[in-house]
Amino acid sequence: MTAPRTWTLALGGILLVIGLGVLVSIDASDGFDRALIAAIRDPALRLLLGFFVPLTELGSTGAVTVVALLTFAVGAAIGPWRHGLIGAAVIGATSLGVELVKAFVARARPDLLEAVIVEHGFSFPSGHATLSMVAYGVLAVLIGRSRLPRAAATTAIVGLGLLVVLIGISRIWLGVHFPTDVIAGWTAGWVIVLGYAAVTRGVSREPAEGAADADPAARRSDRPAAG
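Because the structure is a prediction, the values reported are computed rather than measured.

S.K.: Tell me about the packing of helix α1 (residues 3-25) against helix α8 (residues 179-201), and name the residues and values.
M.R.: Running from N to C, α1 and α8 cross one another at 155°; their axes reach a closest spacing of 9 Å. It follows from the interaxial angle that α1 and α8 lie roughly antiparallel. Here the hand of the crossing between α1 and α8 comes out left-handed. Side by side, α1 and α8 meet where T6, W7, L9, A10, G13, I14, L16, V17, L20 and V24 of the first sit next to T180, I183, A184, T187, A188, W190, V191, L194, G195 and A198 of the second. Taken together, the residues of the contact of α1 with α8 break down into 15 nonpolar, 5 polar and no charged.

S.K.: Outline the pattern of salt bridges, listing residues and values.
M.R.: Pairing is possible between side chains that carry opposite charge, provided their charged atoms lie close to one another. All told, the structure shown has 3 salt bridges when counted by the stated rule. Two residues, D33 and R107, come together in a salt bridge whose shortest N-O distance is 2.8 Å. Here R107 lies in the loop between α5 (81-105) and α6 (127-145) and D33 lies in helix α2 (residues 30-40), a separation of 74 residues in the sequence. R107 matches D33 in its accessibility class, with the two residues each being buried. For the salt bridge of E119 with R171, the shortest nitrogen-to-oxygen distance reads 2.8 Å. Separated by 52 residues along the polypeptide, E119 in the loop between α5 and α6 and R171 in helix α7 (residues 150-173) bring together distant segments of the chain. Each of the salt bridges in this network shares a partner with another, and the network as a whole consists of D33, R107 and D181.

S.K.: Lay out the confidence of the model for the protein with the relevant residues and their values.
M.R.: Summing up the model confidence of the protein, the mean pLDDT is 85 and the portion of residues at 70 or higher is 88%. In this model residues 204-227 is a low-confidence stretch, pLDDT under 50, and it forms 14 contacts with partners more than four residues away in sequence or in other chains.

S.K.: Give a description of the environment of G21 that names residues and reports values.
M.R.: Along the polypeptide, G21 turns up in helix α1. Overall, G21 belongs to the buried group, its relative accessible area being 12%. For G21 and R107, which are 86 residues apart along the polypeptide, the C-alpha to C-alpha distance reads 9.5 Å.

S.K.: How would you explain the packing of aromatic side chains if you had to name every residue and give the values?
M.R.: One pass over the full model with this rule turns up 2 aromatic pairs. Between the aromatic rings of F51 and F52, the centroid separation amounts to 4.8 Å while the plane-to-plane angle is 50°, which identifies the pairing as tilted. Classification of F51 by relative accessible area gives partly exposed; the value is 38%. Ring centres of F52 and W173 lie 5.9 Å apart, and the angle between their planes is 65°; this geometry places the pair in the edge-to-face category. Residue F52 is found in helix α3 (residues 52-55), and its partner W173 is found in helix α7; the two are separated by 121 residues along the sequence. Three or more aromatic residues link up through ring pairs in this structure, and these residues are F51, F52 and W173. Lying over the aromatic face of F178, R107 brings its terminal NZ or CZ to 3.8 Å of the ring centre.

S.K.: Quick one: what's the story with the nonpolar core, residue by residue and with numbers?
M.R.: Grouped together as the largest cluster of nonpolar side chains are 36 residues, with contacts concentrated most on I91, Y136, L139, L160 and W173. Listed by contribution, the elements that provide at least two residues to this core are α2, α3, α4 (61-78), α6, α7 and α8. A total of 12 residues in this core trace back to one element, the largest contributor, which is α6. Setting aside residues no more than four positions away along its own chain, L160 makes contact with Y136, L139, A140 and I143.

Thresholds applied
Residues numbered from 1 in each chain as written. Predicted model: local features only at pLDDT ≥ 70, side-chain atom pairs only at ≥ 80, totals over all residues. Heavy atoms only, no water. Axes fitted to C-alpha atoms, helices over the stretch in contact; angles between N-to-C directions. Helix = DSSP H or I, 4+ residues; strand = E, 2+ residues; numbered from the N terminus. Parallel < 35°, antiparallel > 145°, perpendicular 65-115°, else oblique. Left-handed = near helix turned anticlockwise from the far one by under 90°. Contact = heavy atoms within 4.5 Å. Nonpolar A, V, L, I, M, F, W, Y, C, P; charged D, E, K, R; others polar. Salt bridge = Lys/Arg side-chain N within 4 Å of Asp/Glu carboxyl O. Buried < 20%, exposed > 50% of the residue type's maximum accessible area, 1.4 Å probe, protein only. pLDDT = per-residue confidence, 0-100. Phe/Tyr/Trp six-rings, centres within 6.5 Å; stacked < 30°, edge-to-face > 60°. Lys NZ or Arg CZ within 6 Å of the ring centre and 35° of its normal. Core = buried A, V, L, I, M, F, W, Y, C linked by side-chain atoms within 4.5 Å.

Pasting the structure below:
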């Protein structure tokens, strides 16, 4: 993905999150939220979706902290280790940023249905949706850049993407978030992952590579000498 396209998509995501925040603040999203909640909390799905109770914990702060440590380990293993360090730092900063936005918007938790679990604090955006998107998204970027066989890497990335989607839906089904909370969380997390991918793309694997990138005339070991 080219840099202009990346930043265009990121800007679009930022505007979407801001727009959702505005709609939430003036209660203009209520109809959409109510309709989607009713569909997801259909009694016929209760037994089928019971696995959401344990699965939602994979987007919790504790689980995401473990993923941050794993991200650093994967970055160190596939190189450069700085990619893993930046990824872990981005995950940690996202956790703090979500809490600041929650306090600013100050949206109460949904009370349309009885919650399956109890959560405290504000609702917008969903912390689980945001953090899971960032944590598993950053890990997916590193896996995509690794030397794993293409089929294995693709399978892992698709699996991580499905996990993020299920965690977000679980927050609605459990009755602790509105759909717009989750959509905003997914979008904000996606923007952060795009930014991470763009920034780390320019981080060279080794100091010598950085020097060669900075000086096109520098001799590279992977190119035959002229003549």
